[in-house]
Amino acid sequence: MRFRGAKKHIWTIVKENDRSFRCNVCDMLLISVEIFCCDSCGVCTDSPCLKLADSKFNCKETSVESEGPMKHRYIKANRSSGNMMGGSILSEFRTLLNSCQVIDLSEKKPSVVGDWLSVLPESANPIILVAGGDGTVAWVLSAIKKFTLKRTPPVCVIPLGTGNDLSRVLGWGKQEPQPFLPKKILERISEASTVNLDRWSVNVKSRSRLSRQKSDYFMYNYLSIGVDALVTLDFHNTRQSPFYIFSNRIINKLLYLIFGTQQVMERQCKGLEQCIELYLDGHLINLPELESIVVLNIPCWGAGVYLWTLGLENDEIEEVGKQNMNDGRLEVVAISSSFHIAQLQVGLSQPHRLGQASDIKVRCPLNHCSFAYRH
């Protein structure tokens, strides 16, 4: 069985012109003009011949063979993550792989890979490589969950985000490798071992006099209620602004610093412990003075802080409980202020460890809202 599909060229403007190019349409040497090159098939042209090149030359055929074992690598990249390297990474991998294996998440939803996975034979061993931040990885993982697959494909990461906490704990590093060599990355993927990651269901319920609302989410890294969530929301709203045009990892971290410093002064989440109730495996927990509660699934938080074990010796870790991202338990900590977050970032303080649990509930009686975490 064979699946075929026509595909248009994916034109990229050549920026670093360190070699000569000829137009495949008119055979003119391209000098001092804007050069367009197809990522997938390598056809080159200039602006006047661009439309003619589209009609004259066919790009790589999109096909899937079902005879014999197959090794599929699906690359998904988010152009808006971190330093906005997603576009160049897509271009690099299109020169090595079939075009259907390289997916631009700014144009297609991650669920498109599920359509391909569903037609692969049982002998196939697909692997998904996500180029993006933690949010992009979670987006892809949730999309895969919606498909009924006989075998869930392992997911690898090229860290392009600001924090990249999931990438750190999975061994893919805190940022994209430099120099960026796609062949080396594919070799590294073939040598990698698989680990399991817990997926948690988060149920949010709220009610008013006139209505009741319920929302369900998946959580992979961590979830916060309080000041660090507010700082993240402020950053997200800024990034969605049309005036945010200089996406850069350093600028992103600077924005986090600015919004965090703002909360040191304003303390909008002060007295949070008086507004919520926390239940761990059904037991009500006495809360200290705090401005945030953080529920951890992975060890790494806040761009590289190992929050649960921060400042502990080995014997002390045994006492509070070991942390694992696939043990069916979550760790819950409290943070007293935005200034406390800054201290945690540089290792000058420890969080308030509230406990471990497999079933967590946070109630906000005054706002008639509750959060439930279940494996």
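The rules behind the values
Residues numbered from 1 in each chain as written. Predicted model: local features only at pLDDT ≥ 70, side-chain atom pairs only at ≥ 80, totals over all residues. Heavy atoms only, no water. Helix = DSSP H or I, 4+ residues; strand = E, 2+ residues; numbered from the N terminus. Buried < 20%, exposed > 50% of the residue type's maximum accessible area, 1.4 Å probe, protein only. Contact = heavy atoms within 4.5 Å. Areas by Shrake-Rupley, 256 points an atom, 1.4 Å probe, with all protein chains shown as cover. Salt bridge = Lys/Arg side-chain N within 4 Å of Asp/Glu carboxyl O. Pairing = 2+ DSSP bridges. Axes fitted to C-alpha atoms, helices over the stretch in contact; angles between N-to-C directions. Expected span 1.5 Å × (residues − 1). Patch = residues over 30% accessible without salt bridge, like charges linked within 9 Å, V, L, I, M, F, W, Y side chains within 5 Å. Lys, Arg positive; Asp, Glu negative; His and termini not counted. Charge placed at Lys NZ, Arg CZ, Asp CG, Glu CD. Polar contact = N/O pair within 3.5 Å; in protein donor to acceptor, adjacent residues only side chain to side chain.

Draft legend 1. Local environment of the overall build of the protein chain. Regarding its fold elements, the protein chain presents ten helices and 21 strands. The proportion of buried residues among the 375 residues of the protein chain is 46%. Nonlocal contacts in the protein chain, meaning residues at least 24 apart in sequence, comprise 69% of its contacts between residues at least 6 apart. Element-wise, carbon and sulfur atoms account for 52% of the exposed surface of the protein chain, whose accessible area totals about 20,500 Å².

Draft legend 2. Structural view of the pattern of salt bridges. A full pass over the atoms with the stated rule returns three salt bridges. In this structure, Asp327 engages Arg329 in a salt bridge whose closest nitrogen and oxygen atoms are separated by 3.7 Å. Judged by relative accessible area, which is 29%, Asp327 ranks as partly exposed. Arg329 sits in the partly exposed class, given a relative accessible area of 31%.

Draft legend 3. Focus on the sheet that holds strand S15 (residues 292-296). With antiparallel pairing, four strands are arranged side by side in an open sheet as S12-S15-S18-S19. Each edge of the open sheet carries a strand with a single partner, namely strand S12 (222-226) and strand S19 (352-357). Strand-to-strand, the axes of this sheet are offset by a mean angle of 15°, without reference to chain direction. Here five bridges tie strand S18 (residues 330-335) to S19, and the two strands are oriented antiparallel to one another. When the sheet's bridge partners are listed, Ala334 is paired in S19 with His352.

Draft legend 4. Spotlight on helix H4 (residues 134-145). The terminal C-alpha atoms of H4 lie 17 Å apart, and with twelve residues this matches the ideal 16 Å at 1.5 Å per residue to within 8%. Asp134, Thr136, Val137, Val140, Leu141, Ser142, Ala143 and Ile144 are the residues of H4 that are buried.

Draft legend 5. A negative patch on the surface, seen in detail. Taken together, Glu313, Asp315, Glu316 and Glu319 make up a surface patch of like negative charges. By secondary structure assignment, the location of Glu319 is in helix H9 (residues 314-320).

Draft legend 6. Structural context of the side chain of Asp134. Assignment of secondary structure puts Asp134 in helix H4. No salt bridge is formed by the buried Asp134; the nearest opposite charge belongs to Arg168, separated by 7.1 Å. Other than its neighbours up to four places away in sequence, Asp134 contacts Asn164, Asp165, Leu166, Ser167 and Asn221.

Draft legend 7. How the structure looks around the environment of Asp216. Note on placement: Asp216 falls in strand S11 (residues 212-219). Sequence-wise, Asp216 and Lys205 are eleven residues apart; in three dimensions their C-alpha atoms are separated by 8.8 Å. Other than its neighbours up to four places away in sequence, Asp216 contacts Val202 and Asn203. Polar contacts involving the side chain of Asp216 include one to the side chain of Asn203, which spans 2.7 Å.

Draft legend 8. Layout of unusual backbone geometry. With an omega dihedral of -5°, the bond running from Gln178 to Pro179 counts as a cis peptide bond. Within the element layout of this structure, Pro179 appears in the loop between helix H5 (165-170) and helix H6 (182-191). Not every positive phi belongs to a glycine, and Asn164 is a case in point at roughly 55°. The topology assignment puts Asn164 in the loop between strand S9 (155-159) and H5. Positive phi, normally seen in glycine, also occurs at Ala303, with a value near 65°. By the secondary structure assignment, Ala303 is in the loop between strand S16 (300-301) and strand S17 (305-306). Ala303 gets classed as partly exposed once you look at its relative accessible area, which sits at 31%.

Draft legend 9. Seen up close, the environment of Ser337. Turning to its location among the elements, Ser337 is positioned in the loop between S18 and helix H10 (338-345). Ser337 sits in the buried class, given a relative accessible area of 14%. Considering only alpha carbons, one finds Ser337 and Asp228, 109 residues apart in sequence, at a separation of 8.8 Å. Those residues in contact with Ser337 that sit more than four places away from it in its chain are Val227, Arg267 and Glu291. Polar contacts involving the side chain of Ser337 include one to the main-chain amide nitrogen of His340, which spans 3.0 Å.

Shape is all these values report; function is a separate question.
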